[in-house]
Amino acid sequence: MPGFSPEIEPDSGPSSNIRHRGPAVRIAIDGPAASGKGTLSRRLAAHYGIPHLDTGSLYRAVGAMVLAAGGHPSDPAAALGAARRLDPDAVEALDIRSSEAGRAASIVAAMPEVRAELLRYQRRFAKGGAVLDGRDIGTVVLPDADVKLFVVASAEARARRRGAELRAAGTDISDAAVLADLTERDARDSGRTVSPLARAADAHLLDTTDLDIEAAFQAALALIEGRHRTGAG
Ligand code: DC
């Protein structure tokens, strides 16, 4: 990928095939819920030896804080107050993986003030090089990222994956209920006026519907390192 190669070069070592030799490498990964972008982002970050930020966890934390305080996520004052109080380093201590937190996240994420509050932290995080995944990384947070991927999968495949995840974590939920939830969140994330879920013009498209984690990782590496020219770019 042209914007990427001046900053990194293939390395013949066994643990990593990329070596930094310039400004920090920033990778933007966007896509709808349960498209596989989180797992992919973690693998890419480990592969390149750079930190990873799951930006959805910030919105989930804000939503969870509002719920925990007995507020409603559609209350802008409660949402902005939570965004201002958020300690990004303490996010995992909150209950952010439930479908309630996901739904609340999607509601607070539609508020421009909440997004502005979280934007600064995301850009600071990326300064030294990082993989960020979310909905608006390639379009708004890091429009000049070195490489961008837009990860998609069919709604049914995403519902199956998220359903299995939730059930493994002890939630009793059917794939049909997960599908309904994902469809509602997709519509809200793509339809909002501020920073909607969207593919940047220069993002590579990666469809993981028929790929397992390893195959998706290899396909992403191939796109990043320019071995394939599918998608934009
Ligand atoms: O990736 P996720 O499902 O954990 O994200 C939770 C919600 O947060 C999602 O419905 C939309 C919102 N979000 C966003 O608006 N922008 C981001 N960069 C990341 C997440």
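Residues numbered from 1 in each chain as written. Predicted model: local features only at pLDDT ≥ 70, side-chain atom pairs only at ≥ 80, totals over all residues. Heavy atoms only, no water.

## Notes on the overall build of the protein
Then step 1. Scanning the protein for helices and strands turns up nine helices and seven strands.
Then step 2. When each of the 233 residues of the protein is scored for burial, the buried share is 49%.
Then step 3. The contacts of the protein with a sequence gap of at least 6 include a subset with a gap of at least 24, amounting to 74%.
Then step 4. Put simply, the protein shows about 10,500 Å² of open surface, and 56% of that area lies on carbon and sulfur atoms. (Helix = DSSP H or I, 4+ residues; strand = E, 2+ residues; numbered from the N terminus. Buried < 20%, exposed > 50% of the residue type's maximum accessible area, 1.4 Å probe, protein only. Contact = heavy atoms within 4.5 Å. Areas by Shrake-Rupley, 256 points an atom, 1.4 Å probe, with all protein chains shown as cover.)

## Side note on the site of the ligand
Then step 1. Residues in contact with the ligand amount to 15 residues; listed here are only the nearest, Arg60, Arg115, Arg135, Arg185 and Asp189.
Then step 2. The side chain of Arg185 places a nitrogen or oxygen atom 2.5 Å from an oxygen atom of the ligand.
Then step 3. With respect to the ligand, the side chain of Asp189 contributes an N or O atom lying 2.8 Å from an oxygen atom.
Then step 4. In isolation the ligand has 440 Å² of accessible area, and contact with the protein removes 98% of it.
Then step 5. A molecule is said to occupy a pocket when more than half its atoms come within 2 Å of that pocket's grid points, and by this definition the ligand occupies the largest pocket.
Then step 6. Those elements giving two or more residues to the shell around the ligand turn out to be helix 2 (55–68), helix 4 (99–108) and helix 8 (175–191). (Near = heavy atom within 4 Å. Polar contact = N/O pair within 3.5 Å; in protein donor to acceptor, adjacent residues only side chain to side chain. 1 Å grid on protein atoms, 1.4 Å probe; cavity = no way out; pocket = protein on both sides within 12 Å on 5 of 7 lines; lining within 4 Å. Sits in = over half its atoms within 2 Å of the grid points.)

## Describing the pairing of strand 5 (residues 130–134)
Then step 1. With respect to burial, strand 5 is a largely interior element, five of its five residues being buried.
Then step 2. By the alternation rule, side chains of strand 5 split into Ala130, Leu132 and Gly134 and Val131 and Asp133, which are all buried.
Then step 3. Relative to strand 5, strand 3 (residues 26–30) runs parallel, the two being bridged by five bridges. When the sheet's bridge partners are listed, Asp30 is paired in strand 5 with Gly134.
Then step 4. As defined by bridge partners, strand 4 (residues 52–54) adjoins strand 5 across three bridges and the pair is classed as parallel. Across the sheet, residue Leu53 finds its bridge partner in strand 5, namely Leu132. (Pairing = 2+ DSSP bridges.)

## Considering the sheet that holds strand 6 (residues 147–152)
Then step 1. Spatially, 4-5-3-6-7 is the arrangement adopted by the five strands of the open sheet, whose pairing is parallel. Both outer strands of the open sheet, strand 4 and strand 7 (204–207), are each paired with one neighbouring strand and no more. Strand-to-strand twist across the sheet, computed as the mean angle between neighbouring axes with direction ignored, equals 20°.
Then step 2. Contacting strand 3, strand 4, strand 5, strand 6 and strand 7, helix 1 (residues 37–48) runs over the sheet at an angle of about 175° to strand 5. (Axes fitted to C-alpha atoms, helices over the stretch in contact; angles between N-to-C directions.)

## A few points about the pattern of salt bridges
If charged atoms from side chains of opposite charge come close, those side chains can pair.
Then step 1. One pass over the structure, following the stated rule, counts 14 salt bridges.
Then step 2. Glu117 serves as the salt-bridge partner of Arg120, at 3.3 Å between the closest nitrogen and oxygen. With Arg120 and Glu117 both in helix 5 (residues 112–126) and three residues apart, this pair spans about one turn of that helix.
Then step 3. Since its relative accessible area comes to 49%, Arg120 is described here as partly exposed.
Then step 4. One salt-bridge network, held together by shared partners, links Arg84, Glu117 and Arg120. (Salt bridge = Lys/Arg side-chain N within 4 Å of Asp/Glu carboxyl O.)

## A few points about the packing of helix 4 against helix 8
Then step 1. The contact between helix 4 and helix 8 brings their axes to 9 Å, and the two run at 15°. The pairing of helix 4 with helix 8 is recorded here as roughly parallel in orientation. As helix 4 packs across helix 8, the resulting crossing turns out to be left-handed. Residue-level contacts link Ser99, Gly102, Arg103, Ser106 and Ile107 of helix 4 to Asp181, Glu184, Arg185, Arg188 and Asp189 of helix 8.
Then step 2. When the residues that make up the contact of helix 4 with helix 8 are grouped by side-chain class, the tally is one nonpolar, three polar and six charged. (Parallel < 35°, antiparallel > 145°, perpendicular 65-115°, else oblique. Left-handed = near helix turned anticlockwise from the far one by under 90°. Nonpolar A, V, L, I, M, F, W, Y, C, P; charged D, E, K, R; others polar.)

## As for the confidence of the model for the protein
Then step 1. Taken over all residues, the pLDDT of the protein has a mean of 87, while the share at 70 or more is 87%.
Then step 2. Of the regions scoring below 50 in pLDDT, residues 1–22 engages in 48 contacts with residues more than four places distant in sequence or in other chains. (pLDDT = per-residue confidence, 0-100.)

## Quick notes on the layout of surface pockets
Over the atoms a probe the size of a water molecule is rolled, and this reveals where empty space is left.
Then step 1. In this structure, the largest pocket spans a volume of roughly 1,000 Å³.
Then step 2. If you go around the largest pocket, you meet 49 residues; those closest to its centre are Ala34, Arg60, Arg97, Arg162 and Glu165.
Then step 3. In terms of residue class, the lining of the largest pocket is made up of 16 nonpolar, 14 polar and 19 charged. (Points joined across faces, edges and corners; volume = space filled by probe spheres on them.)

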